Amino acid sequence: MAMPLAGLYRRILPSPPAIEFACPQGKQLFTEALAGGTEEGFFELISYYQTQSEPAYCGLATLAMVLNALAIDPGRTWKGNVTRGSKTDVAYS
């Protein structure tokens, strides 16, 4: 097995507190949250999921996801020049 190169790709999550979504424990937590009715926000956000293109863009990717999930009219000005769209729109508006 080759030694992994230093970088961000497939970095091992610090567990705890982070738990990989696709691992058995992650699936168990998701199933419990879904059964308990506390996972509804997940479905609003996942349809607008965006990965961050650069490590420093995590805030922009999150902001673009949330604004899209809130269904804010893209033509409506929100907080200055920020309108709904992609993280590039948010960054350069």
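None of the values given here were measured: they were computed from a predicted structure.

Each value, and the rule that gives it
- Residues numbered from 1 in each chain as written.
- Predicted model: local features only at pLDDT ≥ 70, side-chain atom pairs only at ≥ 80, totals over all residues.
- Heavy atoms only, no water.
- pLDDT = per-residue confidence, 0-100.
- Helix = DSSP H or I, 4+ residues; strand = E, 2+ residues; numbered from the N terminus.
- Expected span 1.5 Å × (residues − 1).
- Buried < 20%, exposed > 50% of the residue type's maximum accessible area, 1.4 Å probe, protein only.
- 1 Å grid on protein atoms, 1.4 Å probe; cavity = no way out; pocket = protein on both sides within 12 Å on 5 of 7 lines; lining within 4 Å.
- Points joined across faces, edges and corners; volume = space filled by probe spheres on them.
- Nonpolar A, V, L, I, M, F, W, Y, C, P; charged D, E, K, R; others polar.
- Phe/Tyr/Trp six-rings, centres within 6.5 Å; stacked < 30°, edge-to-face > 60°.
- Contact = heavy atoms within 4.5 Å.
- Arc of directions from axis to C-beta.

### Digging into the confidence of the model for the chain
Of the residues in the chain, 75% reach a pLDDT of 70 or more, and the chain-wide mean stands at 78. Taking the mean pLDDT of every element in the chain, the minimum, 55, falls on helix H4 (residues 87-92) and the maximum, 93, on helix H1 (residues 24-35).

### So, helix H3 (residues 58-69)
With twelve residues, H3 should reach 16 Å at 1.5 Å per residue; the first-to-last C-alpha distance of 17 Å fits that figure. All of the buried residues in H3 are Ala61, Ala64, Met65, Leu67, Asn68 and Ala69. Taken from the residues just after H3, Ala71 is the one with a positive phi, measuring 55°.

### Describing the layout of surface pockets
For the largest pocket, the calculated volume is near 360 Å³. Residue lining of the largest pocket: Leu13, Tyr49, Gln50, Thr51, Gln52, Cys58, Ala61, Thr62 and Met65, and that is the complete set. Split into classes, the residues belonging to the lining of the largest pocket amount to five nonpolar, four polar and no charged.

### Section: the packing of aromatic side chains
If you walk through the whole model with that rule in mind, you get five aromatic pairs. Both rings, one in Phe42 and one in Phe43, keep their centres 5.3 Å apart while their planes meet at 80°; by these two values the pair is edge-to-face. In this structure Phe42 comes out as partly exposed when scored by relative accessible area, which is 23%. On the basis of relative accessible area, Phe43 is assigned to the partly exposed category, the value being 39%. Through pairs of rings, three or more aromatic residues link up here, namely Phe21, Phe30, Phe42 and Phe43.

### Some thoughts on the side chain of Glu39
When you line up the elements, Glu39 lands in the loop between H1 and helix H2 (40-46). Every residue in contact with Glu39, bar those within four places of it in the chain, is listed here: Phe30, Ala33 and Leu34.

### Structural notes on H1
The terminal C-alpha atoms of H1 lie 16 Å apart, and with twelve residues this matches the ideal 16 Å at 1.5 Å per residue to within 8%. Taken residue by residue, H1 has Gly26, Phe30 and Ala33 as its buried positions. Relative to the axis of H1, the buried residues are bounded by an arc of 65° and lie together on one face. In H1, the exposed positions angled more than 90 degrees off the buried face are occupied by Pro24, Lys27, Thr31 and Ala35. Those residues of H1 hidden inside the fold are in contact with H2.

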